[in-house]
Amino acid sequence: MSDAASYRKVDLHTHSIRSDGKLTPTELVDLAVEQQVSLFALTDHDSVAGLPEARQRAKEQGLSFINGVELSTQWHGIPLHMVALNFDEENQALQSVVTQNQKIRLERARRIADLLVKQGLPDLYDEAFALAGDSQLGRPHFARLLVEKGLVKDANKAFDRYLGNKRLGKLRDVWPELEEVLNQLSGQGMELILAHPKRYPLTVTKLRRLLADFARWGGTGIEVVSGNEKPDHVRLLEKLSTQFSLKASAGSDYHGPFGPWMQVGKYTQIHASEVDLVWQDW
Ligand code: AMP
Ligand code: MN
Ligand code: MN
Ligand code: MN
């Protein structure tokens, strides 16, 4: 099949206000429809709370919808994101990973606030907690407060100076081990996709090691593209996807109209005919 023949505008990686996205699930689905997306997944960080609303809206709009969530994990002390797709919301194992990660998020936020206090900043925990409301509390909330209070110029600076993985020290590796999470979730019919593999501090050799572990532990795919990766990175990921027999997934990682994010349904073009697409039968 040629790339043109197999071309279908899908987006299997997006965020709503239920994590650190800017749009409600309804607004996000409407935007996907406007962008002519034909298959869509909502993948909030460590939350499935937006799925019912998104699914309902997708149904009204005639958009094919896939359950998703982006889970925080770690591998050799490196924080890694894994997108789970096409699961049953009632799945106990998935619910238990999500609940555990939500608890870790709250504990981590307290410790992040303490870390900032040690650096002479005000205690932002209560405000960050309030700002998050019923969304998943995370570093973007602290970043927003730091910007609003004029303590840094923009979110990027907030991550550079205070919140980036390098700045977090031990708080970097609070997440459950990748092996453990894959152990809990594999073999239950859902797709387990390594998110944005080129965004981690890994050489290609280390990335290969990660993919070998990931496949061995029950991972089923990788994102060959998630946003505006360089075309040569996408080509490399296509090759790795084939070499490790991991299916290829794709998404925008859209968070909202501002910042570095791609539009819903937009990402660097992939060679769909050269990989085994995760959405082939969806
Ligand atoms: P957390 O889930 O709390 O670890 O926060 C990670 C989130 O912060 C990512 O999913 C991004 O949306 C956001 N993020 C990471 N780096 C930056 C950055 N340099 N500038 C703005 N947002 C960022
Ligand atoms: Mn995010
Ligand atoms: Mn991510
Ligand atoms: Mn994401």
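Scroll up for the structure.
As a convention, each chain's residues are numbered from 1 in the sequence order in which they are written. Going through the entries in the order they are written, you letter the chains from A and number the ligands from 1. Given that this is a predicted model, residues contribute local features only at a pLDDT of at least 70 and side-chain atom pairs are listed and counted only at 80 or more, while totals for whole chains, interfaces and linings are drawn from all residues. Calculated side-chain values reflect all of the structure's heavy atoms, with hydrogen atoms and water omitted.

**Points about helix H3 (residues 51-61)**
The condition that has to hold: Here the term buried applies to any residue with accessible area under 20% of the maximum for its type, exposed to any over 50%, and partly exposed to those in between, with areas from a 1.4 Å probe on protein chains only. Helix and strand definitions follow DSSP, with helices as H or I runs of at least four residues and strands as E runs of at least two, each counted in order from the N terminus. Taken from the helix axis, the directions to the C-beta atoms give the arc we talk about. When checking whether two residues touch, look at their non-hydrogen atoms; a contact exists if any pair is within 4.5 Å.
The complete set of buried residues in H3 reads Leu-51, Ala-54 and Ala-58. The buried residues of H3 occupy an angular sector of 70° when projected down its axis, which confines them to one face. Turned more than 90 degrees off the buried face of H3, the exposed positions are Lys-59 and Glu-60. Where H3 is buried, its residues meet helix H2 (25-34), strand E2 (39-42) and strand E3 (64-75). Backbone geometry just downstream of H3 places Gly-62 in the positive-phi region, at approximately 70°.

**So, the sheet that holds strand E4 (residues 78-85)**
The pairing of strands in a sheet happens through backbone hydrogen bonds and is either parallel or antiparallel. Just so we agree on the cut-off: Each pair of strands is called paired provided DSSP finds at least two bridges between the two strands. Note on method: axes are straight lines fitted to C-alpha atoms, helices fitted across the in-contact stretch only, with angles between N-to-C directions ranging 0 to 180 degrees.
Sheet architecture is open: 7 strands sit in the order E1-E2-E3-E4-E5-E6-E7, paired in mixed fashion. Where the open sheet ends on each side, the last strands, each with one partner, are strand E1 (10-11) and strand E7 (247-251). Strand direction decides the pairing type here: strand E5 (residues 191-194) and strand E6 (residues 221-226), joined by 2 bridges, are parallel. When the bridges of E6 are listed, Ile-193 appears paired with Gly-221. Of the strands in this sheet, E3, E4 and E5 are in contact with helix H9 (residues 178-185), which crosses E3 at around 145°.

**Some thoughts on the site of ligand 1**
Keep this limit in mind: We call a residue near a molecule or strand whenever a single non-hydrogen atom of that residue lies within 4 Å of it. Pairing of N or O atoms within 3.5 Å defines a polar contact, subject to two protein rules: one partner must be a possible hydrogen donor and the other a possible acceptor, and residues neighboring in sequence count only if both atoms are side-chain atoms. In this description, accessible areas are obtained by the Shrake-Rupley approach with a 1.4 Å probe, and a residue is regarded as covered only by the protein chains that are shown. Three classes are used, and their members are as follows: Ala, Val, Leu, Ile, Met, Phe, Trp, Tyr, Cys and Pro are nonpolar, Asp, Glu, Lys and Arg are charged, and the others, Gly among them, are polar.
Around ligand 1 sit Asp-20, His-45, Arg-105, Arg-108, Gly-138, Arg-139, Pro-140, Asn-156, Phe-159, His-255 and Trp-261, and that is every residue in its neighbourhood. Within the contact set of ligand 1, an oxygen atom lies 2.9 Å away from a side-chain nitrogen or oxygen of Arg-105. Relative to its unbound accessible area of 500 Å², ligand 1 is 77% covered by the protein chains. The set of elements that each furnish at least two residues to the shell around ligand 1 consists of helix H4 (92-118), helix H6 (139-148) and helix H7 (155-163). Partitioning the shell around ligand 1 into residue classes produces 3 nonpolar, 4 polar and 4 charged.

**What about the coordination of the manganese ion (ligand 3)?**
As a reminder, the rule being used: In this description, a donor is an N, O or S atom within 2.8 Å of the metal centre, a cutoff extended to 3.2 Å for sodium, potassium and calcium. Water is not part of the atom list, which can make sites seem incomplete.
Coordination sphere of the manganese ion (ligand 3), protein contribution only: Glu-70 (OE), His-81 (ND1) and His-196 (NE2), at 2.1 to 2.2 Å. Every donor residue of the manganese ion (ligand 3) comes from the same chain, spaced as E-x10-H-x114-H.

**Section: the packing of H6 against H7**
For any two helices packed against each other, the geometry comes down to the angle between their axes and how far apart the axes lie. Test applied: An angle below 35 degrees is read as roughly parallel, one above 145 as roughly antiparallel, one from 65 to 115 as roughly perpendicular, and any other as oblique.
Running from N to C, H6 and H7 point in directions that differ by 110°, and their axes come no closer than 9 Å. When the interaxial angle is binned, H6 and H7 end up roughly perpendicular. For the pair formed by H6 and H7, the contact residues are Arg-139, Pro-140, Phe-142, Ala-143, Leu-146 and Val-147 on the first element and Ala-155, Ala-158, Phe-159, Tyr-162 and Leu-163 on the second.

**A look at the packing of aromatic side chains**
Note the following rule: Aromatic contacts are taken between Phe, Tyr and Trp rings whose centres are within 6.5 Å, Trp giving its six-membered ring; a plane angle under 30 degrees counts as stacked, one over 60 as edge-to-face, and the others as tilted.
This model, assessed by the stated rule, comprises 2 aromatic pairs. Ring centres of Phe-40 and Phe-65 lie 6.2 Å apart, and the angle between their planes is 35°; on these two criteria the pair is classed as tilted. Of the two residues, Phe-40 sits in strand E2 while Phe-65 sits in strand E3, which places them 25 residues apart along the sequence. As far as the burial class goes, Phe-40 and Phe-65 line up, both buried.

**Examining the environment of Asp-88**
You can see Asp-88 is positioned in the loop between E4 and H4. Taking the C-alpha atoms as reference points, Asp-88 and Gln-188, 100 residues apart in sequence, are found 9.4 Å from one another. Within the structure, the side chain of Asp-88 is placed 2.9 Å from the backbone nitrogen of Glu-90, a separation counted as a polar contact.

**A short note on the coordination of the manganese ion (ligand 2)**
On the protein side, the manganese ion (ligand 2) has Asp-20 (OD), His-45 (NE2) and His-255 (NE2) as donor atoms, found 2.1 to 2.2 Å from it. Between consecutive donor residues of the manganese ion (ligand 2), the sequence gaps follow D-x24-H-x209-H. For the pair the manganese ion (ligand 2) and the manganese ion (ligand 3), the metal-to-metal distance amounts to 5.7 Å. Taken as a pair, Asp-20 in the loop between E1 and H2 and His-45 in the loop between E2 and H3 lie far apart in primary sequence, 25 residues in all. Taking relative accessible area as the criterion, His-45 reaches 9% and is therefore assigned buried.

**Looking at the environment of Asn-91**
Checked against the element boundaries, Asn-91 lands in the loop between E4 and H4. The exposure class assigned to Asn-91 is buried, which follows from its relative accessible area of 13%. Taking the C-alpha atoms as reference, Asn-91 lies 9.9 Å from Met-190; in sequence the two are 99 residues apart. Excluding its chain neighbours within four sequence positions, the residues that come into contact with Asn-91 are Gln-188 and Met-190.

Take it as geometry only, folks, not as evidence of what the structure does.
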